[in-house]
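# Structure assessment
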Amino acid sequence: MTTLARRLVAEGLGTALLIAIVVGSGIRAERLAAGDTALALLCNALATGAGLVALLVSLGPVSGGHFNPVVTLSGLIQGSLAPRDALRYVPVQVAGGIVGVMAAHAMFGEPLLNWSTQARTGAPMWWSEFLATFGLIGLVIGTSRTRPGLVPFVVAGYITAGYWFTSSTSFANPALTIACALTNTFAGIRPADVPAFVLAQAGGALTATWLFHWMCRQPVAPQRAPEAKAWKGFKRATGGAAGGTTSAD
């Protein structure tokens, strides 16, 4: 298999497993929580965070561990991903998300695909998705430039927190949003509400990419002018006596 083929398989598989974790743990949590929504959400969040760490650590070195079209979009804008690769990543991620829903439904005896009826709409929800995605992309950029080995843990921690500090439960992922329109379970979202969520996520990703790419740019060490370098070399060669000085530069 070519390098690109391996990366695409990793992206599709990683996204499928991520969505299976989100949807499957949501179904399990809702069934066991006996109507306690807070408990169900806690279980769903913890399972998602743990699963994210595992997926990013294991598959991240193969494909970059995007599993999310807005992460791919951000990489494209920053120049770390070629346009032709980005155009392949996104459909593979969306397809993987749909497969993940089907896999989760098969485990719990649900119809393989089932349109969601759960409403998630309105300005507070849209702002929530904008902010959730802004934070996700910003933290990925900032961490990857200073402590790249910690990216899986930073992402997982942020998404786990996002379940609770956002009104939308922090989808922050168009592939996940589209996939969750196909599950009428705890993690579902009505198909009619998907476009606004995706637009808010794209807006948050673009804003974060612009801001954090500028803010977290690593400074370039100042270069000495050629004359200064030549003068320094001459002084060393003459023992620092040139120009009436005996001190080291």
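Residues numbered from 1 in each chain as written. Predicted model: local features only at pLDDT ≥ 70, side-chain atom pairs only at ≥ 80, totals over all residues. Heavy atoms only, no water.

What follows deals with a nonpolar patch on the surface. Taken together, the side chains of Leu 39, Leu 42, Leu 46 and Trp 164 make up a nonpolar region of the molecular surface, amounting to roughly 380 Å² of accessible area. Sorting elements by how many residues they give to the nonpolar patch places helix H2 (residues 37-63) first, with three residues. Here Leu 39 is to be found in helix H2. (Patch = residues over 30% accessible without salt bridge, like charges linked within 9 Å, V, L, I, M, F, W, Y side chains within 5 Å. Areas by Shrake-Rupley, 256 points an atom, 1.4 Å probe, with all protein chains shown as cover. Salt bridge = Lys/Arg side-chain N within 4 Å of Asp/Glu carboxyl O. Helix = DSSP H or I, 4+ residues; strand = E, 2+ residues; numbered from the N terminus.)

Residues with a pLDDT of 70 or more make up 87% of the protein chain, whose mean pLDDT is 91. Considering each helix and strand of the protein chain separately, the mean pLDDT is smallest for helix H9 (residues 226-237), with a value of 52, and largest for helix H7 (residues 174-180), with 98. Contacts from residues 241-249, a stretch scored under 50 in pLDDT, to residues over four places away or in other chains number nine contacts. (pLDDT = per-residue confidence, 0-100. Contact = heavy atoms within 4.5 Å.)

Before going further, it helps to spend a moment on the pattern of salt bridges. In the structure shown here, the tally under the stated rule is four salt bridges. When the shortest N-O distance is used, the salt bridge between Arg 7 and Asp 85 registers 3.3 Å. With Arg 7 in helix H1 (residues 3-32) and Asp 85 in helix H4 (residues 83-107), this pair connects stretches of sequence that are 78 residues apart. The residues Arg 7 and Asp 85 share a single accessibility class, namely buried. Two residues, Arg 190 and Asp 193, come together in a salt bridge whose shortest N-O distance is 2.9 Å. (Buried < 20%, exposed > 50% of the residue type's maximum accessible area, 1.4 Å probe, protein only.)

Our next topic: the packing of aromatic side chains. How two aromatic rings sit relative to each other is set out by the distance from centre to centre and by the angle between their planes. Counted by the stated rule, this structure contains five aromatic pairs. The interplanar angle of 65 degrees and the centroid separation of 5.8 Å between the aromatic rings of Tyr 158 and Phe 165 together place this pair among those described as edge-to-face. For the pair Phe 171 and Phe 197, a centre-to-centre distance of 5.6 Å together with 85 degrees between the ring planes defines the contact as edge-to-face. Of the two residues, Phe 171 sits in the loop between helix H6 (151-165) and H7 while Phe 197 sits in helix H8 (residues 194-215), which places them 26 residues apart along the sequence. For the residue pair Phe 171 and Phe 197, the accessibility class agrees, reading buried in each case. Members of the aromatic cluster, connected to one another through ring pairs, are Trp 127, Phe 130, Phe 134 and Phe 212. (Phe/Tyr/Trp six-rings, centres within 6.5 Å; stacked < 30°, edge-to-face > 60°.)

Remark: helix H3 (residues 69-78) packs on helix H5 (residues 123-146), axes separated minimally by 11 Å, with the N-to-C direction vectors making an angle of 50 degrees. With respect to their mutual orientation, H3 and H5 come out oblique. Classified by chirality, the crossing of H5 by H3 is right-handed. Mapping the contact onto sequence places Val 70, Val 71, Ser 74 and Gln 78 in H3 and Thr 133, Ile 137, Ile 141 and Arg 145 in H5. Classifying every residue of the contact of H3 with H5 by side-chain character gives four nonpolar, three polar and one charged. (Axes fitted to C-alpha atoms, helices over the stretch in contact; angles between N-to-C directions. Parallel < 35°, antiparallel > 145°, perpendicular 65-115°, else oblique. Left-handed = near helix turned anticlockwise from the far one by under 90°. Nonpolar A, V, L, I, M, F, W, Y, C, P; charged D, E, K, R; others polar.)

Our focus in this paragraph is the packing of H1 against H2. Closest axis-to-axis distance for the H1/H2 pair is 9 Å, and the angle between their directions is 170 degrees. Between H1 and H2, the interaxial angle falls into the category roughly antiparallel. Along the lines of polarity and charge, the residues of the contact of H1 with H2 split into 13 nonpolar, seven polar and four charged.

Let us look at the layout of surface pockets. Space inside the largest pocket adds up to approximately 860 Å³. For the largest pocket, the lining is made up of 47 residues, of which His 66, Asn 68, Val 71, Leu 136 and Val 155 are closest to its centre. Taken together, the elements giving at least two residues each to the lining of the largest pocket come down to H1, H2, H3, H5, H6 and H7. (1 Å grid on protein atoms, 1.4 Å probe; cavity = no way out; pocket = protein on both sides within 12 Å on 5 of 7 lines; lining within 4 Å. Points joined across faces, edges and corners; volume = space filled by probe spheres on them.)

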